[in-house]
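Take a look at the letters that make up each chain.
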Amino acid sequence: MSIDSRTDSNSPAARSCDTLIRNVSVIDGSGSPAYLADVALAEGRILHIGSTPGALADWQATHVIDGSGKVLSPGFIDVHTHDDTNVIRTPSMLPKLSQGVTTVIVGNCGISAAPVTLKAEPPDPMNLLGEASAFSYPTFASYVEAIKQAHPAINVAALIGHTALRSNQMDRLDRAASDTEIAAMCEQLREALAHGALGLSTGLAYGNAINAPTAEVLALAEPLAQAGAIYATHLRSEFADILEAMDEAFRIGKHARVPVVISHLKCAGVENWGRSSEVLEALEQAQRYQPVGCDCYPYTASSSTLDLKQVTDTIDIMVTWSEPEPAMGGKLLADIAAEWQVDLMAAARRLQPAGAVYHCMQDDDVNRILSHPASVVGSDGLPNDPLPHPRLWGAFPRVLGYYSREQKLFPLSVAIRKMTGLSAERFGLAQRGLVREGYWADLVLFDAETVRDAATFADPMQPAEGIEAVWVNGALSYLGGAQKAPTELRAGRFLARQAGVKVATKAAIAN
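Residues numbered from 1 in each chain as written. Predicted model: local features only at pLDDT ≥ 70, side-chain atom pairs only at ≥ 80, totals over all residues. Heavy atoms only, no water.

### Things to note about the packing of helix H13 (residues 391-406) against helix H14 (residues 412-419)
Line of reasoning, step 1. With their axes 10 Å apart at the nearest point, H13 and H14 run at an angle of 155 degrees to one another. If you check the angle between H13 and H14, you find them roughly antiparallel. At the point where H13 passes H14, the crossing takes the right-handed sense. Every residue of H14 that contacts H13 at Phe396, Val399, Leu400 and Ser404 is listed here: Leu412, Ala415, Ile416 and Met419. (Axes fitted to C-alpha atoms, helices over the stretch in contact; angles between N-to-C directions. Helix = DSSP H or I, 4+ residues; strand = E, 2+ residues; numbered from the N terminus. Parallel < 35°, antiparallel > 145°, perpendicular 65-115°, else oblique. Left-handed = near helix turned anticlockwise from the far one by under 90°. Contact = heavy atoms within 4.5 Å.)

### Re the packing of aromatic side chains
Line of reasoning, step 1. According to the stated counting rule, one finds 5 aromatic pairs in the structure shown.
Line of reasoning, step 2. Taken together, a centroid distance of 5.4 Å and an interplanar angle of 70 degrees make the contact between tyrosine 137 and tyrosine 143 edge-to-face.
Line of reasoning, step 3. The exposure class of tyrosine 137 is buried, given its relative accessible area of 9%.
Line of reasoning, step 4. Here tyrosine 143 falls in the buried class, since its relative accessible area comes to 2%.
Line of reasoning, step 5. With a centroid separation of 4.8 Å and 90 degrees between ring planes, the pair formed by tyrosine 402 and tyrosine 403 is classed as edge-to-face.
Line of reasoning, step 6. Residue class for tyrosine 402 comes out partly exposed when judged on its relative accessible area of 27%. (Phe/Tyr/Trp six-rings, centres within 6.5 Å; stacked < 30°, edge-to-face > 60°. Buried < 20%, exposed > 50% of the residue type's maximum accessible area, 1.4 Å probe, protein only.)

### Notes on the pairing of strand E17 (residues 354-358)
Line of reasoning, step 1. Within E17, 5 of the 5 residues are buried, which leaves the element mostly enclosed by the surrounding structure.
Line of reasoning, step 2. Bridging between strand E15 (residues 302-305) and E17 involves 4 bridges; their strand directions are antiparallel. Bridge pairing in E17 places threonine 305 opposite glycine 355. (Pairing = 2+ DSSP bridges.)

### Observations regarding the sheet that holds strand E7 (residues 76-78)
Strands pair in a sheet through their backbones, by hydrogen bonds, and they do so in one of two ways: parallel or antiparallel.
Line of reasoning, step 1. Pairing is parallel across the open sheet formed by 3 strands, whose spatial order is E7-E8-E9. The open sheet has two free edges, formed respectively by E7 and strand E9 (155-158), since each of these has just one partner strand. Adjacent strand axes in the sheet meet at a mean angle of 20 degrees, parallel and antiparallel pairs treated alike.
Line of reasoning, step 2. The pairing of E7 with strand E8 (residues 101-106) spans 3 bridges and is classified as parallel. Within E8, the position partnered with phenylalanine 76 by the bridge is valine 101.

Worth remembering: the numbers are spatial, not functional.
In structure tokens form, the structure reads like this:
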């Protein structure tokens, strides 16, 4: 991609802009087909779209880009991330920028960087966000200020983690919270909502939240409706009890009168394979009565801390890190157990605390969930993992290249809607997610014929192919091609919750 830094017209009547992208195929994030256009950017926004040939021929621009043969779409919105501390500590955010992501939503799975006051080391799985030194935001307002001071290269919106709130208020996490503790958690949640948090997230499958009864979450979700916020949940089970776990999530949403987002919806475990139709039918039934949606990532393997409840010999489990046994990173748990001449459970206990990739899903289930109209895309990448799941660097180009172009699971316009317009609508991100005049200029230019994920399980830290350029709030923030590097511009912002958040119902999706 070449950028001409000269103005393209000397006519005194010409209109001017900061950036002009000429002759580009626009897929606008609404699900509509592509159309050819010239797109002008100014002061961080999309100033004008000329959708007839030569419509902007007399315009002047500081930077002119020939988009011939390329696609211009909204920047991708990663709705499920664990970049909470990384947007501050590593603000260049190359793993996300390099795949076209312009906005991340942090605070998922019940774990968030704020509000947090640690008494010791961060409890599992909050340790996925970093060491104790990374948690220095006792209020959500202080976290928002830290983001503003860090000037990250991408936009940041945030959920508040249930486990983080429990850690703040409880002496131990293997029990239900008392009424007094719940009241204190609600007060912290209200402070966060007042400063723009999107809503509440839970990770009820994890050991430090699983002992929270439904009543505890019902009480904690009550402040959400008044703030126009949402409830996002890593279900209490993604295995055999998934339908019961979904019913719990729907009950919480109904009680609090708020939209529900099921995080990384999947059918995990060999005994659960093939149940995606049943799971999606349950989701559709719930959509008849309340706003419900889900996100998913485009892989058949999950990744988290090494969970003893998930240790099994029916799937491959790759250890990604281990504090007491760092040399075991990158090896299969079964091979480690054989090397140590112990069973799988004994090996897992010796490795803890540790991280793991679980090859626990089936292609047909992933395809069915990913293609469902209620699904949007989230990477669920773990940026602090020394050997991360390739989704950290490759989730979005994988949807474009593998699932849309090669597998033809859905048209390119549908793929982009699942990563842009529908995502912005679901999480209440105003004037984002669409190529529209007046909207913020979060944009990605890519080659639809070559875009693909390059990250693999063996070599996961690889930038995508085919991403030509990325703009965040109108600033050219990443250049692809042979360069594959961020520019010096970091124009990301904290995105506060906007009023009118909604999750599309089945009827709305059908339209």
